[in-house]
Each structure stands twice: as structure tokens, then as C-alpha cells.
Amino acid sequence: MSKKPPENVKLDPTKRVLFLTKDPELIKKQLAGELDLSMDDVTVDELLDDVNTDAMTPAWVCFDHKPEDIARNAYAGLIVEGERLFPTDALKDGNFEVIVSGYRKGVGSSRETAVQAEKWSGIKIAIAASFAPIHAANNVSQGVLMAGHDVLRRLQAGEEVPLEEFYKHDDPITQLIIRQGGLFPFAKALAAGEIDIPQPEIAERPMSMAEKILARHKLGDGAPYVKPGDAVLVEVDGGYSHEFTTAQVHYFLEQEYGSDYEIKSPGHFAVFEDHLIYAEEVPKLRGFLDKIGTLRELQREFQAHTGVQDFAAREGRSPGICHEVAREKLIAPGEFILATDSHTCMGGCNNALTWGVGATEYANLIHSGFTQVEVPESIRFELTGELSPGVTAKDVMLHLLLHYAKPQKTLNRVMEFTGPGVSSLSMDERATLTNMATECSARGAIVEADESTYDWLLERRPELDREEMRQASVRPDPEAHYDGGVHEIDLGTIRPMVAHPGDPDRGIPSDPTNGATVEEIGEVPIEIAYGGSCTAGKIDDMIFYHQVAKEAVEAGLQVADGVQFLIQFGSAEVEEYSREHGFLATFARAGIRVIPPGCGACIGCGPGVSENPDQVTVSAINRNYKGRSGPGRLYLASPLTVAASAFTGKITAYRPGMFAEMLVPAG
Ligand code: SF4
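A brief structural summary. (Residues numbered from 1 in each chain as written. Predicted model: local features only at pLDDT ≥ 70, side-chain atom pairs only at ≥ 80, totals over all residues. Heavy atoms only, no water.)

### What to know about the overall build of the chain
In terms of helices and strands, the chain carries 24 helices and 26 strands. A compact globule built from 667 residues should have a C-alpha radius of gyration of about 26 Å, and the chain, at 24 Å, falls within 12% of that. Each of the 667 residues in the chain was classed as buried or not, and the buried ones make up 62%. Sequence separation of 24 or more characterises 74% of the internal contacts of the chain that already satisfy a separation of 6 or more. Summed over all atoms, the accessible surface of the chain reaches about 24,400 Å², with 48% contributed by carbon and sulfur. The chain carries 62 positive and 100 negative side-chain charges, and their two centres are separated by 2 Å. (Helix = DSSP H or I, 4+ residues; strand = E, 2+ residues; numbered from the N terminus. Rg over C-alpha atoms; globule rule 2.2 N^0.38 Å. Buried < 20%, exposed > 50% of the residue type's maximum accessible area, 1.4 Å probe, protein only. Contact = heavy atoms within 4.5 Å. Areas by Shrake-Rupley, 256 points an atom, 1.4 Å probe, with all protein chains shown as cover. Lys, Arg positive; Asp, Glu negative; His and termini not counted. Charge placed at Lys NZ, Arg CZ, Asp CG, Glu CD.)

### Here we look at the sheet that holds strand β5 (residues 96–100)
Pairing is parallel across the open sheet formed by four strands, whose spatial order is β2-β5-β6-β7. Of all strands in the sheet, those bounded by a partner on one side alone are β2 (16–19) and β7 (145–147). Neighbour-to-neighbour, the strand axes of the sheet open up by a mean angle of 25 degrees, direction not taken into account. Bridge count for strand β6 (residues 125–127) against β7 is three bridges, and the pairing is parallel. Among the inter-strand pairings, Ile-125 is bridged to a residue of β7, identified as Leu-145. Relative to β2, helix α7 (residues 149–156) is tilted by about 145 degrees, and along the sheet it contacts β2, β5, β6 and β7. (Pairing = 2+ DSSP bridges. Axes fitted to C-alpha atoms, helices over the stretch in contact; angles between N-to-C directions.)

### A short note on the packing of aromatic side chains
Per the counting criterion, the structure on display carries 17 aromatic pairs. Considering the side-chain rings of Phe-336 and Trp-355, the 5.3 Å spacing of their centres and the 80 degrees angle between planes classify their relative orientation as edge-to-face. In this pair, Phe-336 is assigned in strand β13 (residues 336–339) and Trp-355 in strand β14 (residues 353–356), connecting sequence segments 19 residues apart. As far as burial versus exposure is concerned, Phe-336 and Trp-355 are alike and both buried. Taken together, a centroid distance of 6.3 Å and an interplanar angle of 80 degrees make the contact between Tyr-545 and Phe-565 edge-to-face. Linking Tyr-545 in helix α21 (residues 539–554) with Phe-565 in strand β23 (residues 564–568), this pair joins segments that are 20 residues apart in sequence. For Phe-565, a relative accessible area of 2% gives the class buried. Taken together, the ring pairs connect Trp-60, Phe-63, Phe-244 and Phe-288 into an aromatic cluster. Between the NZ or CZ atom of Lys-188 and the centre of the ring of Tyr-257, over which it lies, the distance is 5.5 Å. Between the NZ or CZ atom of Arg-443 and the centre of the ring of Trp-355, over which it lies, the distance is 4.1 Å. (Phe/Tyr/Trp six-rings, centres within 6.5 Å; stacked < 30°, edge-to-face > 60°. Lys NZ or Arg CZ within 6 Å of the ring centre and 35° of its normal.)

### With respect to the sheet that holds strand β19 (residues 486–490)
One open sheet holds the four strands; their spatial order is β18-β17-β16-β19, and the pairing between them is parallel. Looking along the sheet, the strands with just one partner apiece sit at the ends: β18 (444–447) and β19. Going across the sheet, the axis of each strand differs from the next one's by a mean of 25 degrees, ignoring polarity. By the bridge criterion, four bridges tie strand β17 (residues 414–418) to β18 in an arrangement that is parallel.

### A look at the site of the ligand
Contacts to the ligand come from His-275, Ile-321, His-323, His-343, Ser-533, Cys-534, Cys-599, Cys-602, Ile-603, Asn-622 and Arg-628. The residue makeup of the shell around the ligand, split by class, is five nonpolar, five polar and one charged. (Near = heavy atom within 4 Å. Nonpolar A, V, L, I, M, F, W, Y, C, P; charged D, E, K, R; others polar.)

### Regarding the pairing of β5
Counting buried residues along β5, five of its five residues qualify, which places the element largely inside the surrounding structure. Sheet analysis places β2 next to β5, joined by four bridges and oriented parallel. Note on β5: the bridge partner recorded for Leu-18 is Ile-99. Here β5 pairs with β6 via three bridges, running parallel. Bridge pairing links Val-98 to Ile-125 in β6. Following the backbone out of β5, through helix α5 (residues 113–119) and into the adjacent parallel β6, one traces a crossover that is right-handed. (Right-handed = clockwise from strand over helix to strand, strands pointing away.)

### Brief notes about helix α1 (residues 24–31)
When we look at burial in α1, the residues that qualify are Pro-24, Ile-27, Gln-30 and Leu-31. Each buried residue of α1 lies within a common arc of 120 degrees when the element is viewed along its axis, so the set occupies one face. Buried residues belonging to α1 abut β2, β3 (79–80), α4 (90–93) and β5. Its side-chain oxygen placed 2.9 Å from the backbone nitrogen of Glu-25, Asp-23 serves as the N-cap of α1. Backbone geometry just after α1 places Gly-33 at a positive phi near 80 degrees. (Arc of directions from axis to C-beta. Polar contact = N/O pair within 3.5 Å; in protein donor to acceptor, adjacent residues only side chain to side chain.)

### Quick look at the packing of helix α8 (residues 172–180) against helix α9 (residues 183–191)
Pairs of packed helices are described in terms of their axes, by the angle between the two and the distance that separates them. Across the interface, α8 lies against α9 with an axial gap of 7 Å and an inter-helix angle of 105 degrees. The pairing of α8 with α9 is recorded here as roughly perpendicular in orientation. Together, Ile-173, Leu-176, Ile-177 and Gln-180 of α8 and Leu-183, Pro-185, Phe-186 and Ala-189 of α9 make up the contact between the two elements. The residue inventory of the contact of α8 with α9, partitioned by class, reads seven nonpolar, one polar and no charged. (Parallel < 35°, antiparallel > 145°, perpendicular 65-115°, else oblique.)

### Things to note about the side chain of His-250
As for its placement among the helices and strands, His-250 is situated in helix α11 (residues 246–257). The exposure class assigned to His-250 is buried, which follows from its relative accessible area of 2%. Dropping the residues within four chain positions of it, His-250 is found in contact with Tyr-261, Leu-298, Glu-301, Phe-302 and His-305.

### Regarding the pairing of strand β16 (residues 378–384)
Across the seven residues that make up β16, a large majority, six, are buried. When β16 meets β17, the two strands line up parallel, connected through five bridges. Looking across to β17, one finds that Arg-380 is bridged to Glu-416. In terms of handedness, the path from β16 via helix α15 (residues 393–405) over to β17 forms a crossover that is right-handed. By the bridge criterion, five bridges tie β16 to β19 in an arrangement that is parallel. Residue pairing in the sheet places Glu-382 in a bridge with Glu-488 of β19.

Read these as layout, nothing more, since geometry by itself doesn't imply function.
In C-alpha cells:
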């Protein structure tokens with residue numbers, strides 16, 4: 001599908017431009033062919049912001065792995081008053097070549113299907129005020145041009161805009177990819193010696209943690225230093241994909257390199273069966289079980305073909321969510337790891353640099369062993385103090401989302417966590433910090449290592465060597481420059497937080513940046529409490545749920561009437577720990593439903609999803625995008641808040657001893 005774009009870009013007079021406006025009626029009219037807009041008709045403020053990849057291609061659309069099939073349901077997740085704004089084939093049949101939105105186009109998961117849905121519907125140019133980093137990279141990989149509203153204004157005035165206008169702000173390697181028409185044509189031109197990679201000039205300089213890891217992995221000659229904006233080819237230590245994405249990786253490699261393709265270092269890569277493991281339990285997914293079966297089958301075929309590590313389900317049980325298992329078993333300090341999922345950033349808790357990539361980039365890097373990177377800027381959070389009782393790392397992230405991500409201070413930067421406060425956080429709590437970097441639209445996150453990093457890893461992987469890990473780990477140079485600044489976060493000042501579901505029908509998106517303290521949201525009755533996912537299915541999260549459940553049970557309480565409380569383990573290790581420590585018995589006495597390891601409600605593919613728009617969920621997952629976990633209204637909160645709310649029946653911050661206070665004294 002990819003071919004080189006012309007040196008001068010102009011609009012095709014037989015094609016149309018689609019404006020994604022906040023007013024859904026205007027979108028409907030454009031899709032129906034009753035309205036054509038130009039940049040003179042709308043302001044940027046009238047355009048939809050935060051168009052997320054779940055809206056562009058909701059999970060069920062990704063059950064297809066061929067882009068042409070995916071495109072038929074482009075924007076199927078854009079729901080207004082219970083109806084799909086884009087019926088099947090609407091984008092394709094609209095004859096559009098340009099699609100226009102507001103700020104932060106493509107936030108959310110790393111799914112490249114979002115770009116494929118547009119491209120295979122005929123879209124050649126995406127216009128937005130800003131793009132989420134992974135989504136932008138996926139556009140580049142697929143050869144879809146990106147520009148701001150000023151460029152569209154010129155195109156609509158009939159101007160031929162030089163191709164350079166579409167890449168002038170990009171690094172030299174990205175420029176080459178765009179000019180070649182996408183990542184596969186670029187990789188082939190590189191292998192054929194048709195293009196040279198420019199080496200950035202860089203002298204010795206103090207570096208952040210992320211910069212140090214990239215400098216170590218840089219290919220080619222030159223000093224072992226990098227600076228933000230440098231375009232470099234870097235060796236990749238390892239990675240993984242899961243059954244939602246592997247089929248595409250396999251399909252693309254077969255298409256590009258033939259059915260006998262090989263990959264570079266299969267032992268360093270892995271496949272996981274985690275995302276769709278409980279799809280059978282979701283009534284609305286029953287119609288997709290054949291497609292889900294095909295995805296599983298194609299992943300097995302890929303694993304057998306390549307010999308990558310296999311974390312498949314055995315007898316219907318998953319070994320766990322890929323990011324949780326990867327930090328337990330695959331990721332070590334100082335490594336550079338890429339995987340086909342936006343929460344790959346979670347691995348940064350092990351003092352590694354990890355982030356999510358699309359299927360095309362992943363296919364390319366496992367084929368060649370390296371990838372291209374524009375060295376990102378960094379922002380540093382110097383943690384001091386200690387969390388108060390009842391407050392967790394999740395509250396810290398909801399605080400950072402509100403105060404740093406919302407004003408875009410974390411956008412496309414690596415979030416680095418350093419300072420004495422780090423040592424007061426367990427490895428699991430550090431993993432919560434790094435996991436939610438993607439909700440901050442950050443490139444990744446990395447936590448400074450200490451002895452507890454090595455202890456935790458050695459407990460799970462005795463073959464590792466403490467001294468080697470110390471040598472491999474990175475810490476920022478004292479004079480390192482942070483474009484996003486260095487911000488002290490006193491953990492003791494953080495309060496229990498939620499992210500509320502907004503009001504998407506009135507242009508207030510459901511977004512993890514909708515932060516508020518629990519006190520601020522007033523009384524919010526709930527029907528579902530869910531504790532699980534890669535963010536909140538770890539051992540410490542189970543300890544949090546158990547702490548609350550035990551107190552409640554001892555006070556004679558059960559989960560509140562009319563509320564379901566579901567807890568899902570992040571991995572087999574977490575489940576085993578919970579069993580050994582007697583948590584399961586407490587959960588059973590409290591009336592909590594326990595679900596084996598894997599993804600599930602978090603992505604609308606397991607027990608715990610809402611079933612109607614009026615249901616309110618409080619959930620310890622990482623995303624509250626409308627429709628992702630069912631049609632209801634979803635509040636994000638900490639594991640402690642989720643558990644406390646399950647027993648009170650309304651969103652409630654946990655206080656140690658709160659249930660004992662509710663006991664009526666005898667006599
Ligand atoms: S638990 Fe949810 S957020 Fe985490 S990897 Fe699975 S689907 Fe993605």
C-alpha cells in the first residue's frame with residue numbers, strides 16, 4: 001500500500017475533507033454528503049480534542065487483522081446518545097482524503113489499527129493541532145502525512161504545499177521515512193544501501209536516564225552521547241506482542257518479506273495470550289469468538305514460525321498480563337525494550353527504557369534488531385516524603401495527570417522519577433507510576449534503581465547478578481538538562497484522587513486527566529467496583545484490596561447491596577501470592593468475585609464491564625475513555641478507594657479503621 005508521496009502535495013479535487021467537530025450534527029451532515037467545510041468555517045476550538053484510539057478502533061474492531069477489514073468500522077467507538085456516529089463503511093464511503101481534529105489526536109492505546117482504519121478508508125493526510133506520540137509514529141510508519149491547520153488552510157486555498165512542510169519539524173530519520181512513504185519502504189531502501197543515515201554531532205554532555213540508555217544502544221560510530229532531538233538508530237534488547245497485535249505483525253512480515261521470513265534474535269522476544277482470555281464471558285463479544293480464535297491461531301503460528309518465547313494460555317489460563325510478566329521475567333536495568341502495547345512503559349520501574357510501538361514498527365524491529373528513535377526530551381519528578389495512610393501511587397499519578405499531563409508538560413517526554421521518596425515506594429507502586437505514563441501522553445517513564453530494585457529482580461530471576469545490574473543501571477548526571485523541568489513532589493501532600501468520566505456528549509471527554517480529590521466529587525453511588533489490570537493487579541494491589549476487605553469483614557460487612565466487586569490478578573505469581581497469604585478466603589467472605597490472571601474489563605473483554613450507560617463503576621484501571629469498559633460512567637481511583645467504595649456503595653476514600661468506627665457498640 002505504501003508509496004512515496006509527491007514532492008508537492010495538493011488536494012485531489014474529486015476528494016473531500018472531513019472535520020471532526022465537537023458538534024456531532026456537523027459530522028453527521030458531512031458523512032451524509034450534505035455539508036463540506038473549510039478552515040474558514042470552523043475554529044480549532046470547535047474541533048474535537050483528544051480523539052482517542054479506542055474511539056477510532058474500539059477493541060472489537062481490532063478482532064480483524066487485515067487493515068481493509070478494520071477500515072470498514074473506522075470510528076466505531078465514537079458514540080453519541082447511544083448511537084454510532086460513524087456507521088459501517090461511513091468513512092470509506094465519504095470519499096475523504098483529509099481528516100481534521102483538534103488537540104492531542106490519537107491519545108490512548110498504541111493500536112496502529114487507528115491509523116490503518118483511516119488510511120484504508122482513503123485518508124492520506126491527518127490534520128490536528130497536536131498528535132499523541134505513539135499515534136504520530138504510527139502515522140509515519142504507515143506513510144500518512146500529518147500537518148497543522150495552517151497547512152490545511154493553504155491546501156484548501158488551492159496551493160501546492162511542498163512535502164517538506166509535512167516533515168520540517170521531524171528528525172532527519174523520520175524525514176527519510178516520510179519521504180520513502182512509510183517504514184517498510186524505508187527499511188528496504190536502507191537495507192539496499194539507497195539511503196544514508198545522518199550521524200548527529202554530539203559532544204560529551206550530562207544526560208538524563210533515558211538519554212543514557214539510548215546513548216548506550218546507539219548504532220554506528222560516534223561518541224556515546226545523545227541529546228533530545230537527535231535521530232539515531234538504536235539496538236533493541238527485546239520486546240513482546242500479544243494476541244491482539246501479533247497476527248498483524250506476522251501478516252505484515254509475510255507480506256513484506258515472504259512466508260519464509262526470519263527474525264533477528266527470537267529468544268529476546270515473546271508473545272503473550274492475555275488480552276482476550278475472558279472474551280467468552282462478555283455477552284456482546286460472543287459474535288466475535290471466531291475472529292478471536294483466528295487471532296489466537298495466528299499468534300501460535302507466528303510463535304512456531306519464529307521461535308520467540310511463548311507465554312500462551314494453558315488450559316484456558318493465562319500466565320498473566322504481558323507488562324506484569326515482562327517486568328517479573330524479561331526486563332532488566334539499563335535495557336531498551338519495545339512492545340506492541342502502550343503500557344509497555346510500565347517496564348521502566350525496573351530502571352529500563354520501555355515504550356509501546358505499532359505493529360509495523362515492531363515487525364520491522366524484530367526483523368532487523370534495531371529501530372529508529374528521535375531522542376525524546378525528559379521531565380523529572382523528584383519524589384520526597386512518604387505517602388500518608390490511605391494514599392497510593394495511583395493517587396500520585398492521578399495528581400500528575402491533572403497538574404502536569406493536562407497542561408501538556410509531560411507530552412512526548414520521558415517521565416523520570418528520582419529522589420528519596422522513590423525508596424519509600426515498593427517496586428509494585430513504582431510500576432503504577434511508570435504504567436500510567438502513557439495516560440500522561442508521555443513517551444515513557446523510568447524510575448531510579450536502588451537496592452530494592454535488585455532484590456525484587458533477584459527474588460524472581462536468581463540467574464541475574466546484582467553487581468552487573470548495578471553497573472547496567474542508570475541515574476541522571478547531576479547537571480542533566482530536563483526540558484520539562486525538575487519538579488519536587490512531596491508524597492505526603494497527595495490526597496486520595498479520582499478521575500471523573502467527564503461528559504463526552506457535551507464535549508468534555510472521559511479522560512484520565514479529569515482529576516479531582518475524592519472529597520471534591522461529592523456523593524457518587526456505584527454499581528461496579530473493579531480491581532485489576534496491569535496498573536492494579538500486582539501483589540501490592542492485592543495487599544491493598546485485602547487490607548480493606550479484611551477490615552470490612554471483621555466489622556461484619558460484605559460488599560454493599562447492589563454492588564459487584566471484582567478483583568483480577570495481574571499474573572500467576574500474583575494469584576499464587578494471594579492464595580498463599582489467605583487473601584482468597586477473605587475475598588470470598590466479603591462477597592468479592594475473583595478472576596484468574598489476564599486483561600479483561602479494562603479493555604471491555606472480561607467480567608466487570610458495565611452494561612448500560614447509567615451504571616457507575618469505580619475502577620483501579622488506568623483509562624476511563626468512554627466505552628472502553630462498557631457504556632457506563634467510569635471513575636478511576638486507587639485500589640484502596642475502589643475497595644472502600646465497594647463496601648460503602650459510593651465512592652469513598654479509605655481510612656484505616658473506618659469500618660470499625662461503623663460498628664454499633666453492644667448494649
Ligand atoms: S490490563 Fe488493560 S491496560 Fe493493561 S495491558 Fe491489559 S488491556 Fe491494556
